[in-house]
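For reference, the chains in residue letters:
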Amino acid sequence: MIPRYSRPAMVANWSPETKFKIWYEIEAHACEAMANLGVIPRENADAVWKAKDVEFDVARIDEIEAVTKHDVIAFLTHLAEHVGSEEARFVHQGMTSSDVLDTCLNVQLVRAADILLEGMDTLLAALKKRALEHKDTVRVGRSHGIHAEPTTMGLTFARFYAEMDRNKQRLLAAREDVATGAISGAVGTFANIDPRVEEHVCEQLGLRPEPISTQVIPRDRHAMFFATLGVIASSIENVAVEIRHMQRTEVLEGAEFFSMGQKGSSAMPHKKNPVLTENLTGLARLVRMTVIPAMENVALWHERDISHSSVERGIGPDATVTLDFALHRLAGVIDKMLVFPENMLDNMNKFPGLVMSQRVLLALTQAGVSREDAYSMVQRNALKVWEERVDFRELLLADGDVVAALGEEAINEKFDMGYHTKHVDTIFRRVFGE
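Residue numbering note: each chain is counted from 1, following its sequence as written. The model is predicted, so local features are restricted to residues of pLDDT at least 70 and side-chain atom pairs to those at 80 or more, both for listing and for counting; the totals for chains, interfaces and linings are taken over all residues. Remark: hydrogens and water are excluded; side-chain values derive from all non-hydrogen atoms of the structure.

### Digging into the overall build of the protein chain
Link 1 in the chain: The secondary structure listing takes helices from DSSP runs of H or I that are at least 4 residues long and strands from runs of E that are at least 2 residues long, numbered from the N terminus. In terms of regular secondary structure, the protein chain is built from 20 helices and six strands.
Link 2 in the chain: The reference for a compact globule is 2.2 Å times residues^0.38; the radius of gyration itself is calculated from the C-alpha atoms. For the protein chain, the C-alpha radius of gyration of 30 Å lies well beyond 22 Å, the compact-globule estimate for 434 residues.
Link 3 in the chain: For the protein chain, the spread of C-alpha atoms along the three principal axes comes to 100 × 50 × 40 Å.
Link 4 in the chain: In the protein chain, once contacts between residues fewer than 6 apart in sequence are set aside, the share between residues at least 24 apart is 75%. By definition, residues are in contact when any of their heavy atoms lie within 4.5 Å.

What follows is the structure, given as structure tokens:
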């Protein structure tokens, strides 16, 4: 990803330097295990560890690969330059390139997941803080973009918190699923390497041995990992779209923080645009576009082909770097977001009392009026509010049929706002456990 949408820790996870360091650790741990089993001389295994502090020369490896046309062989050749050809002659014994490539990829995905989980915790903390702050801040709920019934801003933040918490659990499961390694040799039969080597390498790298690999680790694991990233990205967009709608001039119930010196438009000095959340919508699309290729990677020829390889070299860094940036951007947006309670009440009262229509409908049915007649009685008054912006309660009090069924006192009682917020505490306990 371009630097504009990148954070250093995740970028470093996918750097060539990091990749070659992991390759080295895989080979060194494999040599150590083989020495423990008496398969190779101890002195040769110990010699490989002489390179433990080496910063591998990426340009030199690329130079060798230009000749060999094989990245793993190029790395092994460069490693021998540090260790010595004779000392390094047992490196990679019984292994195949995918043992190194796939195990390394999964180490990087696990580390990426850990970085993403930190970002999710930051976002969850911001959502919880704002939910508690605005637990009782009343705003109108909307369905189809149209006023529905009262809710609270705190419930809006709380539902986003619950969604992101589910995503955290999904990411933890995806991390667990992809945390496997394979050092099983050509076509995965262990014909030329002891399975105990795989067990040792995986233990040292924080992985589990893949129960059965071919020449590659099964790609259904990776498909699930990237699918999970796609779901998280969609949830980020879900929050971003809500904020964008709230910032519309006609609504203005909430807005991104607008910093001193910030400019909204090169042409119109009055503009304050929701550029961060619009950006998040775009970033979500980038993450989601990696999901289908990851799923298409599942179907490989026989024990292995490399149709997946070029895909993963791109989508691994792109999806995780982008999502990492998006999580932290959204956390910042939520933390600094401006909320306008007065505008929320003004918006609700643009059609005075209209949001109480269902409560009146239910009261009429409970008073013995058929649902069809009750609906007609309420709707004929509600439509006048739409057309004339008159007060819904006043219309009901002037409607003889409604008054006859309910009485004036009961009609007035149906406009108590607290009726709609009486279970907020219950919902918050369900979400936050407090």
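### Section: the pattern of salt bridges
Link 1 in the chain: For this document, the term salt bridge refers to a Lys or Arg side-chain nitrogen within 4 Å of an Asp or Glu carboxyl oxygen. Applying the stated criterion across every chain yields a total of 25 salt bridges.
Link 2 in the chain: Linking Arg89 and Glu86 is a salt bridge whose minimum nitrogen-to-oxygen distance equals 2.7 Å.
Link 3 in the chain: Put simply, Arg208 and Glu176 hold a salt bridge, and the shortest N to O gap is 3.3 Å. Residue Arg208 is found in strand E4 (residues 208-209), and its partner Glu176 is found in helix H7 (residues 153-178); the two are separated by 32 residues along the sequence.
Link 4 in the chain: Exposure remark for Glu176: the relative accessible area of 44% places this residue in the partly exposed category.
Link 5 in the chain: A cluster of three or more residues bridged by salt bridges with shared partners is formed by Arg139, Arg142, Glu242 and Glu253. The buried label goes to any residue with under 20% of its type's maximum accessible area, the exposed label to any with over 50%, and the partly exposed label to all in between, with areas taken from a 1.4 Å probe on protein chains only.

### Overview of a nonpolar patch on the surface
Link 1 in the chain: A cluster of nonpolar side chains, namely Ile146, Leu383 and Trp386, defines an oily patch on the protein surface of about 280 Å² accessible area.
Link 2 in the chain: Looking at where Trp386 falls in the secondary structure, it is placed in helix H15 (residues 371-388). The residues that make up patches have over 30% relative accessible area and no salt bridge, and they are joined within 9 Å when like-charged or within 5 Å when they are Val, Leu, Ile, Met, Phe, Trp or Tyr. Each accessible area is a Shrake-Rupley estimate made with a 1.4 Å probe; only the visible protein chains count as cover when residues are assessed.

### Let's talk about the pairing of strand E1 (residues 138-143)
Link 1 in the chain: Note: two strands are recorded as paired if DSSP finds a minimum of 2 bridges between them. The pairing of E1 with strand E2 (residues 146-152) spans five bridges and is antiparallel. Directly across from Val140, in E2, lies its bridge partner Pro150.
Link 2 in the chain: Between E1 and E2, which pair antiparallel one after the other, the connecting turn spans two residues, and His144 there sits at a positive phi close to 60°.

### Some words on the packing of aromatic side chains
Link 1 in the chain: Aromatic rings from Phe, Tyr and Trp, with only the six-membered ring used for Trp, were paired whenever their centres fell within 6.5 Å, and each pair was classed as stacked if the ring planes differed by under 30 degrees, edge-to-face if by over 60, and tilted otherwise. Per the counting criterion, the structure on display carries 12 aromatic pairs.
Link 2 in the chain: Pairing Phe428 with Phe432 gives two aromatic rings, centres 5.3 Å apart and planes at 55°, and the pair type is tilted. With Phe428 and Phe432 both in helix H20 (residues 424-432) and four residues apart, this pair spans about one turn of that helix.
Link 3 in the chain: Following the ring pairs from residue to residue traces out a cluster consisting of Phe20, Trp23, Tyr24, Trp49, Phe56 and Phe75.
Link 4 in the chain: Taking the ring centre of Phe428 as reference, the NZ or CZ of Lys135 above it sits at 5.7 Å.
Link 5 in the chain: The criterion for a charge sitting over a ring is simple: Lys NZ or Arg CZ within 6 Å of the ring centre, and within 35 degrees of the ring normal. Here Arg359 stacks its cationic end above the ring of Tyr419, 3.7 Å away from the centre of that ring.

### Brief notes about the packing of helix H4 (residues 58-68) against helix H5 (residues 71-83)
Link 1 in the chain: Put simply, H4 and H5 touch, their axes get as near as 8 Å, and they point 130° apart. Taken together, the axes of H4 and H5 lie oblique to each other. Of the two possible hands of crossing, H4 and H5 adopt the one that is right-handed. Across the interface between the two elements, Arg60, Ile61, Ile64, Glu65 and Thr68 of H4 pack against Asp71, Ile73, Ala74, Phe75, Thr77, His78 and Glu81 of H5.
Link 2 in the chain: The classification used treats Ala, Val, Leu, Ile, Met, Phe, Trp, Tyr, Cys and Pro as nonpolar, Asp, Glu, Lys and Arg as charged, and all other residues, Gly among them, as polar. A class-by-class count of the residues in the contact of H4 with H5 yields five nonpolar, three polar and four charged. Each axis is a line fitted through C-alpha atoms, taken for helices only over the stretch in contact, and angles between the N-to-C directions span 0 to 180 degrees. Any angle between 65 and 115 degrees counts as roughly perpendicular, while under 35 counts as roughly parallel, over 145 as roughly antiparallel, and the rest as oblique. Each crossing gets its handedness from the near helix: less than a right angle anticlockwise from the far helix is left-handed, clockwise is right-handed.

Function-wise, these values are silent; they only describe arrangement.
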